[in-house]
Amino acid sequence: MDTGQVIFIISQLILGAIAAFLAIFLWPKIRDAPWMLIIFGIIITYIETVYSILVTFGITADEFLIFGLVPLVSFVLLTVRAFLFIIAFAIMIYRQSSNK
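Summarised in this report is the structure supplied together with it. As the structure is a prediction and not an experimental result, all values here were calculated from the model. (Residues numbered from 1 in each chain as written. Predicted model: local features only at pLDDT ≥ 70, side-chain atom pairs only at ≥ 80, totals over all residues. Heavy atoms only, no water.)

Over its 24 residues, helix α2 (residues 33-56) runs 34 Å from end to end, which matches the ideal 34 Å to within 8%, given 1.5 Å per residue. When α2 is considered as a whole, its buried residues turn out to be P34, M36, L37, I38, I39, G41, I43, I44, E48, T49, Y51 and I53. Against α1 (3-26) and α3 (72-99) lie the buried residues of α2. G58 sits one or two positions beyond α2 and adopts a positive phi of about 80°. (Helix = DSSP H or I, 4+ residues; strand = E, 2+ residues; numbered from the N terminus. Expected span 1.5 Å × (residues − 1). Buried < 20%, exposed > 50% of the residue type's maximum accessible area, 1.4 Å probe, protein only. Contact = heavy atoms within 4.5 Å.)

Let's shift gears to the side chain of E48. Position of E48 relative to the elements: it lies in helix α2. Here R81 takes part through its side chain, which lies 3.4 Å from a polar atom of the side chain of E48. Each residue touching E48, except ones within four places of it in the same chain, is listed here: L77, L78 and R81. (Polar contact = N/O pair within 3.5 Å; in protein donor to acceptor, adjacent residues only side chain to side chain.)

This part is about α3. Helix length check: α3 (28 residues) gives 40 Å between terminal C-alpha atoms against 40 Å at 1.5 Å per residue, within 8%. Buried residues of α3: L77, L84 and A88, and no others. Where α3 is buried, its residues touch α2.

The next point concerns the packing of α1 against α2. Running from N to C, α1 and α2 cross one another at 155°; their axes reach a closest spacing of 9 Å. Classified by the angle their axes make, α1 and α2 are roughly antiparallel. Where α1 crosses over α2, the handedness of that crossing is left-handed. The segment α1 lies against α2, with I9, Q12, L13, G16, A17, A19, A20, A23, I24 and L26 engaging I39, I42, I43, Y46, T49, V50 and I53. A breakdown of the residues in the contact of α1 with α2 according to their chemical character gives 14 nonpolar, 3 polar and no charged. (Axes fitted to C-alpha atoms, helices over the stretch in contact; angles between N-to-C directions. Parallel < 35°, antiparallel > 145°, perpendicular 65-115°, else oblique. Left-handed = near helix turned anticlockwise from the far one by under 90°. Nonpolar A, V, L, I, M, F, W, Y, C, P; charged D, E, K, R; others polar.)

Our focus in this paragraph is the packing of aromatic side chains. Per the stated rule, a full pass over the model turns up 3 aromatic pairs. Geometrically, the ring pair formed by W27 and F40 is edge-to-face, given 5.1 Å between the ring centres and 80° between the ring planes. One end of the pair, W27, is in the loop between α1 and α2; the other, F40, is in helix α2, and 13 residues separate them in sequence. Here the basic side chain of K29 rests over the ring of F25, its NZ or CZ set 4.7 Å away from the ring centre. (Phe/Tyr/Trp six-rings, centres within 6.5 Å; stacked < 30°, edge-to-face > 60°. Lys NZ or Arg CZ within 6 Å of the ring centre and 35° of its normal.)

Here you go:
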(Lines give C-alpha, C1' and ligand atoms only; values in the text may rest on other atoms or scores of the structure.)
Protein backbone atom coordinates (compact mmCIF):
# COMPACT_ATOMS: atom_id res chain seq x y z
CA MET A 1 0.00 0.00 0.00
CA ASP A 2 1.51 3.32 -1.03
CA THR A 3 1.27 6.74 0.61
CA GLY A 4 -1.54 7.91 -1.67
CA GLN A 5 -3.76 5.00 -0.67
CA VAL A 6 -3.06 5.57 3.02
CA ILE A 7 -3.94 9.27 2.71
CA PHE A 8 -7.10 8.36 0.78
CA ILE A 9 -8.22 5.85 3.42
CA ILE A 10 -7.44 8.17 6.33
CA SER A 11 -9.27 11.08 4.69
CA GLN A 12 -12.29 8.86 4.01
CA LEU A 13 -12.40 7.76 7.64
CA ILE A 14 -11.91 11.22 9.12
CA LEU A 15 -14.29 13.10 6.84
CA GLY A 16 -16.87 10.32 7.02
CA ALA A 17 -16.63 10.24 10.81
CA ILE A 18 -17.15 14.01 10.98
CA ALA A 19 -20.19 13.81 8.68
CA ALA A 20 -21.66 10.88 10.64
CA PHE A 21 -21.01 12.61 13.98
CA LEU A 22 -22.70 15.81 12.82
CA ALA A 23 -25.62 13.80 11.41
CA ILE A 24 -26.05 11.95 14.72
CA PHE A 25 -25.73 15.25 16.60
CA LEU A 26 -28.48 16.75 14.42
CA TRP A 27 -30.73 13.70 14.75
CA PRO A 28 -32.58 14.66 17.99
CA LYS A 29 -33.05 18.25 16.83
CA ILE A 30 -34.70 17.41 13.47
CA ARG A 31 -37.93 15.47 13.20
CA ASP A 32 -38.59 16.23 9.54
CA ALA A 33 -38.88 13.04 7.44
CA PRO A 34 -36.61 14.09 4.55
CA TRP A 35 -33.87 15.23 6.91
CA MET A 36 -34.12 12.00 8.90
CA LEU A 37 -33.70 10.01 5.68
CA ILE A 38 -30.65 12.08 4.73
CA ILE A 39 -29.18 11.50 8.20
CA PHE A 40 -29.72 7.75 7.84
CA GLY A 41 -28.11 7.91 4.39
CA ILE A 42 -25.03 9.65 5.78
CA ILE A 43 -24.69 7.05 8.53
CA ILE A 44 -25.02 4.22 6.00
CA THR A 45 -22.40 5.94 3.83
CA TYR A 46 -19.96 5.84 6.75
CA ILE A 47 -20.80 2.18 7.42
CA GLU A 48 -20.13 1.47 3.75
CA THR A 49 -16.77 3.28 3.95
CA VAL A 50 -15.66 1.36 7.04
CA TYR A 51 -16.81 -1.93 5.50
CA SER A 52 -14.91 -1.30 2.27
CA ILE A 53 -11.75 -0.45 4.23
CA LEU A 54 -12.11 -3.66 6.25
CA VAL A 55 -12.42 -5.61 3.00
CA THR A 56 -9.38 -3.81 1.56
CA PHE A 57 -7.27 -4.76 4.58
CA GLY A 58 -8.56 -8.35 4.45
CA ILE A 59 -10.14 -8.19 7.90
CA THR A 60 -13.52 -9.30 6.60
CA ALA A 61 -14.36 -11.43 3.60
CA ASP A 62 -16.47 -9.92 0.86
CA GLU A 63 -17.14 -13.14 -1.02
CA PHE A 64 -19.39 -15.01 1.40
CA LEU A 65 -22.65 -13.68 -0.11
CA ILE A 66 -22.59 -12.91 -3.82
CA PHE A 67 -25.42 -11.37 -5.87
CA GLY A 68 -24.44 -12.04 -9.47
CA LEU A 69 -20.83 -10.86 -9.51
CA VAL A 70 -21.37 -8.21 -6.81
CA PRO A 71 -20.94 -8.86 -3.07
CA LEU A 72 -24.36 -8.69 -1.42
CA VAL A 73 -23.31 -6.49 1.53
CA SER A 74 -21.82 -3.84 -0.78
CA PHE A 75 -24.89 -4.02 -3.03
CA VAL A 76 -27.32 -3.59 -0.12
CA LEU A 77 -25.40 -0.71 1.45
CA LEU A 78 -25.17 1.14 -1.86
CA THR A 79 -28.81 0.65 -2.83
CA VAL A 80 -30.22 1.46 0.62
CA ARG A 81 -28.20 4.69 0.74
CA ALA A 82 -29.34 5.73 -2.73
CA PHE A 83 -32.93 4.76 -1.94
CA LEU A 84 -32.95 6.86 1.24
CA PHE A 85 -31.62 9.91 -0.62
CA ILE A 86 -34.13 9.42 -3.46
CA ILE A 87 -37.06 9.26 -1.05
CA ALA A 88 -35.82 12.31 0.89
CA PHE A 89 -35.41 14.41 -2.24
CA ALA A 90 -38.75 13.23 -3.64
CA ILE A 91 -40.52 14.29 -0.43
CA MET A 92 -38.80 17.69 -0.57
CA ILE A 93 -39.78 18.17 -4.23
CA TYR A 94 -43.36 17.15 -3.47
CA ARG A 95 -43.56 19.61 -0.59
CA GLN A 96 -42.15 22.43 -2.72
CA SER A 97 -44.55 21.75 -5.60
CA SER A 98 -47.59 21.49 -3.32
CA ASN A 99 -46.79 24.85 -1.60
CA LYS A 100 -47.29 26.85 -4.81
